[in-house]
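Structural overview for review
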Amino acid sequence: MSDGPALNGQMFGDTSGSDGESLPCTIQGQLVRLRPIAKIDLPALFAWRNDGSWPIPFARRSDRVTLGGLQASDRVLDFDTWCQTELPFVLQSGVAFLSELSPQRLPLGVLLTHTFSDIHGWAYYREFFPGRLWQSMQAVEATALCLDYLFSRYPLRKLYTEVLVCDEGPLEKLKYAGFQEEIRLEEDIWFGESFRDYVYLGLFREEWAERRTSYLADLASRPSS
Amino acid sequence: MLVDIDKSHHKGPDADALIHLSAMQEHDLPTLYEWFSDADEWNLWTNIRRPMSIEEFGRGITQQMQGSSIMIARDSASQTPLGFLQLYDMALRDGVASFLIYLSRDRRSLGYGILATVEFLAYAFKAYPIRKVYADAFEFNKHSVALLLTGGFREVGRLRKHIWWADRYWDQIKYVLLREDLEALHNRFLGYWGTPNRNMPEGFGRREAQRLMVALVTAIFRNGPQERQRLDPGTETHTEDCSHSRCKDIGDFSDMISASRESYAVEEGYPGFAEWTYDRWREYLVPVGHLLHTTRNDDGTLLAALACRDEIYKGEPATRIWSWASSPSLSSEERDRAEMSVVLECAAQAIERGRSKLFVYVQKNTSRADRASRVLGDSPEVLPFAGTMVITSDLPNFVKRARGRLGIETVQR
């Protein structure tokens with residue numbers, strides 16, 4: 001139902017062998033920085049995507065993110081195929097950031113947008129932090145940096161995200177940032193040994209503006225971990 | 001590539017139906033393009049605003065046919081396309097898919113949309129291992145919202161202020177229909193016609209079942225005057241001067257209902273009944289193939305009547321009460337007694353035909369529902385759509401109970 005991507009997401013900067021220092025569009029925070037994905041990041045992204053656990057970095061259902069006719073990203077792909085099929089779609093359909101610890105420059109997770117709708121003023125947002133990194137202060141800051149960037153850089157009214165309800169931690173993290181549950185599809189997606197609930201969450205620009213101050217204050221008052 | 005099939009060869013088992021579904025053909029494309037390129041309408045089904053050429057539209061449809069299931073609902077008599085139905089976003093591993101319907105303007109609010117929806121989804125649930133179907137409607141699209149709710153869909157949430165149209169942003173509402181909901185809806189409105197060679201009343205066919213469904217749906221969900229053409233007439237005709245006893249019974253039954261149709265509409269919870277003409281009542285009350293039972297007083301005045309047909313209910317041979325009424329001039333107690341008497345006759349004969357259950361669909365919170373519960377004596381089961389419930393009764397137990405209440409001696413054989 002999209003009227004097409006409004007943005008051409010950046011592919012790669014000239015980063016072969018670089019530390020990413022010279023990349024454009026780098027957003028520096030207190031604990032983390034966001035930067036465009038570079039070629040050197042691909043093995044880490046591929047490992048996150050293929051580790052067999054849920055969630056994977058990219059949206060799963062074909063009806064919500066069409067991967068050029070491919071079944072969504074629960075397919076097993078080899079690295080080369082992934083680089084030629086799923087990855088270009090992800091990178092070209094919106095904005096994709098790698099978040100990394102500052103100053104160590106260790107990769108922390110990815111933050112993505114896709115399916116921009118210029119007419120209706122929304123886009124889809126997705127973030128992924130492997131393991132339990134979602135509960136780190138760095139991940140909390142990364143979300144704020146990304147939301148600030150998206151709402152200031154583009155005339156977006158709203159962001160959507162979709163999460164499996166059993167993925168409780170990341171779901172709570174998104175709600176903590178102000179995302180509100182709008183639709184719950186009960187027993188929608190098979191995972192593990194049963195069908196699990198799937199939710200759509202939405203965050204309006206003004207909701208983030210209202211939440212942002214206390215969100216950042218909470219962040220500043222906690223020790224980083 | 002779309003295949004153009006000569007219409008003259010397109011006479012299948014559905015040819016006698018009121019409407020039927022079939023694959024999209026090359027010659028349908030101009031009609032579909034006309035529907036989907038109507039600038040007054042495209043806001044109803046898509047958030048795309050860019051006009052397309054017919055060539056581009058055709059390529060898009062052909063592409064969609066590769067990854068979704070598309071059917072055209074047609075008027076069986078003329079083969080004219082009435083609507084477009086699509087099952088898309090089919091995630092078969094998860095057992096879910098999404099549903100879309102477009103109905104041509106001149107067929108809306110006449111019951112055809114819900115008929116096509118039930119037909120299409122019955123096919124979809126049979127053809128694919130899906131557990132549920134989702135559908136989306138924009139908040140301002142009142143026709144779609146009404147159709148989905150009539151079709152048993154339940155709202156599961158809405159994307160707030162999701163789509164721009166005219167002067168503001170509107171919600172996009174998401175609905176779901178479970179497999180069991182569709183089965184209940186199908187049984188409610190179309191009965192047992194889906195397996196036409198088993199237990200079908202003689203002369204009762206798919207067309208008649210569809211005609212009754214359309215009539216019933218428009219009666220239940222009626223909320224304004226009928227603006228367009230009326231529905232197909234029934235296949236069984238009667239003349240007012242007919243001397244056949246069945247014709248006289250049908251005439252008296254129609255007289256009784258027609259004379260008090262406004263109160264009958266309230267009693268039944270079907271607002272559209274209040275607007276029906278006498279002829280329409282005659283076509284509706286005792287459809288072809290249905291059995292008619294009456295109770296009269298000593299001077300021959302009709303006290304109560306019912307029409308029934310044999311069906312299967314939850315795997316058991318049953319008889320279904322199709323129409324059922326008593327004279328509004330009687331007291332409440334007299335009406336209970338007259339209706340119990342006519343059901344008793346129906347039940348006794350149903351047992352002789354090998355039926356073990358009796359059931360009737362009613363609207364909840366109506367005096368019809370109260371009376372049916374009192375007379376039949378069993379707890380109703382509420383269905384997941386349209387405020388409908390089904391009341392069942394075990395036939396031998398009912399006969400025993402009714403004879404006791406009516407003071408009729410049971411003859412030991």
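The structure contained in this document is the topic of the report that follows.

This paragraph deals with the overall build of chain A. Looking only at helices and strands, chain A features 6 helices and 8 strands. Order of helices (α) and strands (β) in chain A, N terminus to C terminus: β-β-α-α-α-β-β-β-α-β-α-β-β-α. Going through the 225 residues of chain A one by one, you find that 56% of them count as buried. Of all intrachain contacts in chain A linking residues separated by at least 6 positions in sequence, the fraction that spans at least 24 positions is 62%. About 9,700 Å² of surface is accessible on chain A, with carbon and sulfur atoms providing 52% of the total.

Take the overall build of chain B next. The helix and strand inventory of chain B stands at 12 helices and 13 strands. Relative to its full complement of 413 residues, chain B shows a buried share of 55%. Sequence separation of at least 24 residues holds for 65% of the intrachain contacts in chain B that already meet a minimum separation of 6. Carbon and sulfur atoms form 51% of the exposed surface of chain B, whose accessible area is close to 18,200 Å².

Residue and element names in this part refer to chain B. One open sheet accounts for 6 strands, arranged E8-E9-E10-E11-E13-E12; its pairing is mixed. A single partner strand is all that each edge strand has here, and the edge strands are strand E8 (291-296) and strand E12 (381-382). Here 10 bridges tie strand E9 (residues 302-313) to strand E10 (residues 316-326), and the two strands are oriented antiparallel to one another. Bridge pairing links Arg309 to Arg320 in E10.

Moving on: the pattern of salt bridges. All names here are of chain A. Under the counting rule described, the total for this entry stands at 34 salt bridges over all chains. Between Glu100 and Arg33 there is a salt bridge, and its shortest N-O distance comes to 2.5 Å. Highlighted residues: Glu100 in strand E3 (residues 96-101) and Arg33 in strand E2 (residues 32-36), separated in sequence by 67 residues. Judged by its relative accessible area of 2%, Arg33 is buried. With its nearest N and O atoms 2.8 Å apart, the salt bridge here joins Arg35 to Asp41. The same class applies to Arg35 and to Asp41, which are both buried. One continuous salt-bridge network, built from bridges that share partners, spans Arg33, Arg35, Asp41, Glu100 and Arg105.

Often the size quoted for an interface is simply the accessible area lost on bringing the parts together. Taken together, the contact pairs 30 residues of chain A with 24 residues of chain B. Interface area for chain A against chain B, summed over the two sides, is near 2,400 Å², with a carbon-plus-sulfur share of 48%. Between Arg160 of chain B and Glu207 of chain A there is a salt bridge whose closest N-O contact spans 2.7 Å. Inspection of the chain A/chain B interface yields 15 residue pairs in polar contact (both at pLDDT 80 or more). Counting residues per element, the side of chain A that touches chain B draws most heavily on strand E7 (residues 180-191) of chain A, at 10 residues. Here the residues of the side of chain A that touches chain B sort into 12 nonpolar, 5 polar and 13 charged.

Turning to the pairing of E10 of chain B, a few remarks are in order. Residues and elements named next belong to chain B. Counting buried positions along E10 yields 9 of 11 residues, so the element is predominantly enclosed. With antiparallel pairing between neighbouring strands as the criterion, E9 and E10 make up a hairpin whose turn holds 2 residues, including Lys314 at a positive phi of roughly 50 degrees. The pairing of E10 with strand E11 (residues 357-363) spans 3 bridges and is parallel. Within the sheet, the bridge partner assigned to Ala318 lies in E11 and is Lys357. Read from E10 through helix H10 (residues 332-352) to E11, the crossover connection turns out right-handed.

This next bit is on the packing of helix H3 (residues 112-127) of chain B against helix H6 (residues 206-220) of chain B. All names here are of chain B. Closest axis-to-axis distance for the H3/H6 pair is 9 Å, and the angle between their directions is 130 degrees. By the angle class used here, H3 and H6 are oblique. Like other packed secondary-structure pairs, H3 and H6 cross with a definite hand, here right-handed. Seen from H3, the contacting residues are Ile114, Leu115, Val118 and Glu119; seen from H6, they are Arg206, Gln210, Met213, Val214 and Val217. Among the residues forming the contact of H3 with H6, the class breakdown is 6 nonpolar, 1 polar and 2 charged.

Okay, the packing of helix H11 (residues 367-376) of chain B against helix H12 (residues 395-406) of chain B next. Residues and elements named next belong to chain B. Between H11 and H12, the least distance of the axes is 10 Å, while the angle of their chain directions is 95 degrees. Here H12 runs roughly perpendicular to H11, going by the angle between their axes. Facing H11, whose interface residues are Arg374, Val375 and Leu376, H12 presents Phe398, Arg401 and Arg405. Split by residue class, the contact of H11 with H12 holds 3 nonpolar, no polar and 3 charged.

Quick look at H10 of chain B now. Each full turn of the α-helix corresponds to 3.6 residues, which orients residues three or four apart in the same direction. Residue and element names in this part refer to chain B. Compared with the 30 Å implied by 1.5 Å per residue over 21 residues, the 30 Å span of H10 between its first and last C-alpha is a close match. Considered for burial, the residues of H10 that qualify are Arg335, Asp336, Ala338, Glu339, Met340, Val342, Val343, Leu344, Cys346, Ala347 and Ala350. Positive phi appears at Gly354, one or two residues downstream of H10, with a value of about 90 degrees.

Residues and elements named next belong to chain A. For helix H6 (residues 205-221), which comprises 17 residues, the first-to-last C-alpha distance of 24 Å matches the rise-based estimate of 24 Å (1.5 Å per residue) to within 8%. Along H6, the sharpest kink reaches roughly 40 degrees, centred on Arg212. Of all the positions in H6, only Glu207, Trp208, Arg211, Tyr215 and Leu219 are classed as buried.

Residues and elements named next belong to chain B. Here Trp276 lies in the loop between helix H8 (261-268) and helix H9 (278-285). When the C-alpha positions of Trp276 and Ser258 are compared, they lie 7.9 Å apart, and in sequence the two are 18 residues distant. Residues contacting Trp276, with those up to four places away along its chain left out, are Ala215, Ala219, Arg261, Trp281 and Tyr284. A polar atom in the side chain of Trp276 sits 3.5 Å from the backbone oxygen of Gly272.

What follows deals with the nonpolar core. Counting residues in each nonpolar core, the largest one holds 75 residues, and the members touching the most others are Phe99, Leu121, Phe153, Phe253, Phe273 and Tyr284 of chain B. Beyond its immediate stretch of four places on either side in the chain, Phe273 of chain B contacts Ala219, Arg261, Tyr264, Ala265, Glu268, Trp281 and Tyr284 of chain B. Judged by nonpolar contacts, the second largest core, of 39 residues, contains Ala139, Leu159, Val163 and Tyr215 of chain A.

What counts as what
- Residues numbered from 1 in each chain as written.
- Chains lettered and ligands numbered in written order.
- Predicted model: local features only at pLDDT ≥ 70, side-chain atom pairs only at ≥ 80, totals over all residues.
- Heavy atoms only, no water.
- Helix = DSSP H or I, 4+ residues; strand = E, 2+ residues; numbered from the N terminus.
- Buried < 20%, exposed > 50% of the residue type's maximum accessible area, 1.4 Å probe, protein only.
- Contact = heavy atoms within 4.5 Å.
- Areas by Shrake-Rupley, 256 points an atom, 1.4 Å probe, with all protein chains shown as cover.
- Pairing = 2+ DSSP bridges.
- Salt bridge = Lys/Arg side-chain N within 4 Å of Asp/Glu carboxyl O.
- Buried area = accessible area lost by both parts, 1.4 Å probe.
- Polar contact = N/O pair within 3.5 Å; in protein donor to acceptor, adjacent residues only side chain to side chain.
- Nonpolar A, V, L, I, M, F, W, Y, C, P; charged D, E, K, R; others polar.
- Right-handed = clockwise from strand over helix to strand, strands pointing away.
- Axes fitted to C-alpha atoms, helices over the stretch in contact; angles between N-to-C directions.
- Parallel < 35°, antiparallel > 145°, perpendicular 65-115°, else oblique.
- Left-handed = near helix turned anticlockwise from the far one by under 90°.
- Expected span 1.5 Å × (residues − 1).
- Bend = angle between axes of the 7 residues up to and from the residue.
- Core = buried A, V, L, I, M, F, W, Y, C linked by side-chain atoms within 4.5 Å.

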